[in-house]
Amino acid sequence: MRLYNTMSNKLEEFEPIEEGKVKMYVCGPTVYNYIHLGNARPIVVFDILARYFKYRGYDVTYVQNFTDVDDKIIKRANEEKVSPEKITEKYIQSFFEDTEPLNVLKDIKRPRVTENINEIIEITEKLIENGYAYEIDGNVFFDVKKYNDYGKLSNQKISELEIGARVDIMEIKNNPLDFALWKKKKDGEPYWDSPWGEGRPGWHIECSAMSRKYLGDTFDIHGGGQDLIFPHHENEIAQSKCAYHGHFAKYWLHNGFVQIDGDKMSKSMGNFFLLREILGKFSGNVVRLFILSTHYRKPINFSFEDMENTRKTLKNMISSLKRFEAVLKNLQSLINHNNLKKIERTDELYKFIEEFKEKSDDFNNKFIRAMDEDLNTPQALSTIFDQIREMNKFSDIIEKISDKEKSEKSELLSEVLNLSYKSLKIKIEDVLGVLMINEEKASNSELSEKLMKLLLKIRSDARKNKNFELSDEIRDGLRKIGVEIKDNKDGTTDYTLV
Ligand SMILES: [Zn+2]
């Protein structure tokens, strides 16, 4: 398998540090707001990477943190006049709610900064001890000039960076490029005791501390969005390498942005769609399929039209899968002791079966080749669509043959079709994470929504026509099945599930 390593700017052969094992760390969200579609991209991309490693037989340890101490969280808490914990608890909860329909792996380790303060203090002390960090008035800074390789990941030289760095006269740092490992406590901010007095960690140090705790000084993959390359990942490298002299991450993977009309989707730009808004209109499967239809390093341009097309694609995919299930069920019902396990070469079906078996194997190889080439999910998807097309053709043939012949050969036909179907389902569900059952759930809730609207309309018409018997019957009937309705002054009706 080859992966594009941002560190070398090249496609590199993936060789795990430890045979059969993959350890990966992906920077997680700062929990002060609902996540938007741009935040959802790395979640889906690295989920697919982890799933693919599992599919290839690796034992995967995947860590993604929650940043639950940060300026933005404190600002939000002050604005809402609540504690920072109140904010972080709310948005960690909403993170799980929002990502649930995306069917993300359940075994991801999700440490929080506030639970790792000791580890953060330990690495900060180590950096001071090794001469890479210094304390000024209760603050600790990393001394960028001490680390010669600083800028390697983002392809920049310290001298170039210094020209661009703004010198703030209020700053107490030795060098404008130096960054905070520990920040002295300010009024109204959360704080912890430390050897440098009360304070809180800087942003970058948390990932160095948490990746080490769960994955060690050297691990396989570090991922995140492109916007994290500088300064965040550059700083993580400086911290981890200077503290423990390990290799830190071997492969650095970065996903491209989600854009709207060519601009990066971001909270600061105000041009974003929250994941929960999108999930109100499309299923989690559609979102996943939309994201993996573009190679992870390329930008995705978001549009509702493309989402709508993805929905149609998914619908076709699922109706084909259902068709194969039906064909298989029918074949299996015909199996009896008279079934032929082998057929003669002269048999007309022989050619089709042999061809189909060959093609099925080939689809698996093509899928692996695509995924092996830097996780080329659009290519992998196209092999899946090709396989579906062939399976549909094969199903057409099965449906056309006479009942007698179908009955005789049902065991063989079912075996051949089932093999292809199973491999297809593993690729779609286990690797790409598109779960059929979720689609049924989503379409069921869509249907319930429509039925509720219809029912409320009938009730409202009944009330207009003074048919109170019917309108009460609907209200009482709904209450019995756990739906409480409430009539508003403006004539509309709300309903809640109780
Ligand atoms: Zn990080």
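Scroll up to find the structure this text is about.
Predicted model, so just to flag it, every value in this text is computed and none were measured. (Residues numbered from 1 in each chain as written. Predicted model: local features only at pLDDT ≥ 70, side-chain atom pairs only at ≥ 80, totals over all residues. Heavy atoms only, no water.)

Asks: Any chance you could explain the coordination of the zinc ion here in plain terms?
Replies: Angles between donor atoms at a metal ideally measure 109.5 degrees for a four-coordinate tetrahedral arrangement and either 90 or 180 degrees for a six-coordinate octahedral one. Ligation of the zinc ion by protein atoms is provided by Cys27 (SG), Cys207 (SG), His232 (NE2) and Glu236 (OE), these donors lying 2.0 to 2.2 Å from the ion. With four donor atoms in place around the zinc ion and angles of 79 to 129 degrees between them, the coordination shape is irregular. Taken in chain order, the donor set of the zinc ion reads C-x179-C-x24-H-x3-E. Highlighted residues: His232 and Glu236, both in helix H7 (residues 229-244), separated by four residues, approximately one helical turn. When its relative accessible area of 1% is taken as the criterion, His232 is described as buried. Overall, Glu236 belongs to the buried group, its relative accessible area being 0%. (Donors = N, O, S within 2.8 Å, 3.2 Å for Na, K, Ca; no water. Tetrahedral: all angles 85-135°; square planar, octahedral: opposite > 155°, others 65-115°. Helix = DSSP H or I, 4+ residues; strand = E, 2+ residues; numbered from the N terminus. Buried < 20%, exposed > 50% of the residue type's maximum accessible area, 1.4 Å probe, protein only.)

Asks: Would you mind going over the nonpolar core with me for this structure?
Replies: One recurring pattern in soluble globular proteins: nonpolar side chains tend to sit buried together. Formed by 88 residues in total, the largest nonpolar core has its most connected members in Met24, Leu37, Leu49, Phe53, Ile221, Phe302 and Met371. Top element by residues in this core is helix H1 (residues 37-55). It accounts for 11 residues. When residues are assigned to domains, this core turns out to be shared by domain 1 (2-301) and domain 2 (304-434), each giving three or more. Leave out the neighbours within four places in its chain, and Leu49 touches Met1, Leu3, Met24, Ile221, Leu253 and Leu375. Core analysis: the next-biggest nonpolar cluster, separate from the first, contains 42 residues, Val113, Phe219, Ala238 and Trp252 among them. (Core = buried A, V, L, I, M, F, W, Y, C linked by side-chain atoms within 4.5 Å. Domains from an automatic or database assignment. Contact = heavy atoms within 4.5 Å.)

Asks: Help me understand the pairing of strand S5 (residues 133-136) in this model?
Replies: In regular strands, side chains alternate between the two faces of the sheet. Here S5 pairs with strand S6 (residues 139-142) via four bridges, running antiparallel. Among the inter-strand pairings, Tyr134 is bridged to a residue of S6, identified as Phe141. The turn linking S5 back onto S6 is made up of two residues, and Asp137 within it adopts a positive phi angle of 50 degrees. (Pairing = 2+ DSSP bridges.)

Asks: Is there a simple way to think about the sheet that holds strand S9 (residues 218-225) in this case?
Replies: Strand pairing within a sheet occurs via backbone hydrogen bonds; the two strands may be parallel or antiparallel. Taken together, four strands build an open sheet; the order of strands is S4-S3-S9-S10 and the sheet is parallel. Strand pairing shows two members of the sheet lacking a second neighbour, strand S4 (59-64) and strand S10 (248-255), which therefore form its edges. For this sheet, the mean inter-axis angle between neighbouring strands, taken without regard to orientation, is 25 degrees. Bridging between strand S3 (residues 21-26) and S9 involves three bridges; their strand directions are parallel. Paired with Val26 across the strands is Gly223, a residue of S9. Relative to S4, H1 is tilted by about 165 degrees, and along the sheet it contacts S3, S4, S9 and S10. (Axes fitted to C-alpha atoms, helices over the stretch in contact; angles between N-to-C directions.)

Asks: What exactly am I supposed to notice about empty space enclosed by the protein here?
Replies: Unfilled space is identified by rolling a water-sized probe across the atoms. Under the counting rule described, the total for this entry stands at three cavities of 30 Å³ or more. In this model, the largest cavity occupies a volume close to 60 Å³. In terms of lining residues, the largest cavity is bounded by Ile123, Ser208, Ser211, Arg212, Gly216, Asp217, Ser240, Tyr244, Gly246 and Phe248. Contributing elements (two or more residues each) for the lining of the largest cavity: helix H6 (204-215) and H7. Looking at the lining of the largest cavity, the element that brings in the most residues is H6, giving three residues. Classifying every residue of the lining of the largest cavity by side-chain character gives three nonpolar, five polar and two charged. Approximately 50 Å³ is the volume attributed to the second largest cavity. Val44, Val45, Ile48, Ile291, Leu292, Thr294, Tyr296, Leu375 and Thr377 together form the lining of the second largest cavity. For the lining of the second largest cavity, the secondary structure elements donating two or more residues are H1 and helix H9 (284-292). Counting residues per element, the lining of the second largest cavity draws most heavily on H1, at three residues. (1 Å grid on protein atoms, 1.4 Å probe; cavity = no way out; pocket = protein on both sides within 12 Å on 5 of 7 lines; lining within 4 Å. Points joined across faces, edges and corners; volume = space filled by probe spheres on them. Nonpolar A, V, L, I, M, F, W, Y, C, P; charged D, E, K, R; others polar.)

Asks: Would you take a moment to explain the sheet that holds strand S7 (residues 179-184) for this structure?
Replies: The antiparallel open sheet is built from four strands, whose spatial order is S5-S6-S7-S8. The sheet terminates laterally at S5 and strand S8 (199-201), the two strands that pair on one side only. This sheet shows a mean twist of 20 degrees between the axes of neighbouring strands, independent of strand direction. Across three bridges, S6 lies against S7 in antiparallel orientation. Residue Phe142 lies in a different strand from S7, and its bridge partner there is Phe179. Each of S5, S6, S7 and S8 touches helix H4 (residues 117-129); the most contacted strand, S7, lies at about 120 degrees to it.

Asks: Sorry if this is basic, but what is going on with the pattern of salt bridges here?
Replies: Once the charged atoms of two side chains with opposite charge are near each other, the side chains can pair. Counted by the stated rule, this structure contains 44 salt bridges. Arg76 is paired through a salt bridge with Glu80; the nearest N and O atoms lie 2.9 Å apart. Of the two residues, Arg76 and Glu80 both sit in helix H2 (residues 71-80), four residues apart, roughly one turn of that helix. With a relative accessible area of 36%, Glu80 lands in the partly exposed category. Residue Asp461 pairs with Lys464 through a salt bridge whose shortest N-O separation is 3.9 Å. Taken together, the residues Asp461 and Lys464, both in helix H14 (residues 436-464) and three residues apart, mark about one turn of the helix. On the accessibility criterion, Lys464 (64% relative accessible area) is exposed. Here the salt bridges do not stand alone but share partners, grouping Asp71, Lys183, Glu189 and Arg200 into one network. (Salt bridge = Lys/Arg side-chain N within 4 Å of Asp/Glu carboxyl O.)

Asks: Would you take a moment to explain a nonpolar patch on the surface for this structure?
Replies: A surface patch of nonpolar side chains, about 370 Å² in accessible area, is lined by Leu447, Leu451, Leu454 and Ile458. Mapping Leu447 onto the fold places it in helix H14. Judged by relative accessible area, Leu447 falls into the partly exposed class, the value being 46%. (Patch = residues over 30% accessible without salt bridge, like charges linked within 9 Å, V, L, I, M, F, W, Y side chains within 5 Å. Areas by Shrake-Rupley, 256 points an atom, 1.4 Å probe, with all protein chains shown as cover.)

Asks: Would you take a moment to explain the environment of Lys146 for this structure?
Replies: Positionally, Lys146 belongs in the loop between S6 and helix H5 (158-164). Using a relative accessible area of 47% as the deciding quantity, one classes Lys146 as partly exposed. Between the C-alpha atoms of Lys146 and Tyr132, which are 14 residues apart in sequence, the distance is 6.1 Å.

Asks: Could you clarify how one ought to interpret helix H13 (residues 403-431) in this entry?
Replies: Since the α-helix packs 3.6 residues into each turn, any two residues three or four apart lie on the same face. The end-to-end C-alpha distance of H13, which contains 29 residues, comes to just 37 Å, noticeably less than the 42 Å that a straight helix rising 1.5 Å per residue would cover. Looking at the residues trailing H13, positive phi occurs at Gly433, about 75 degrees. (Expected span 1.5 Å × (residues − 1).)

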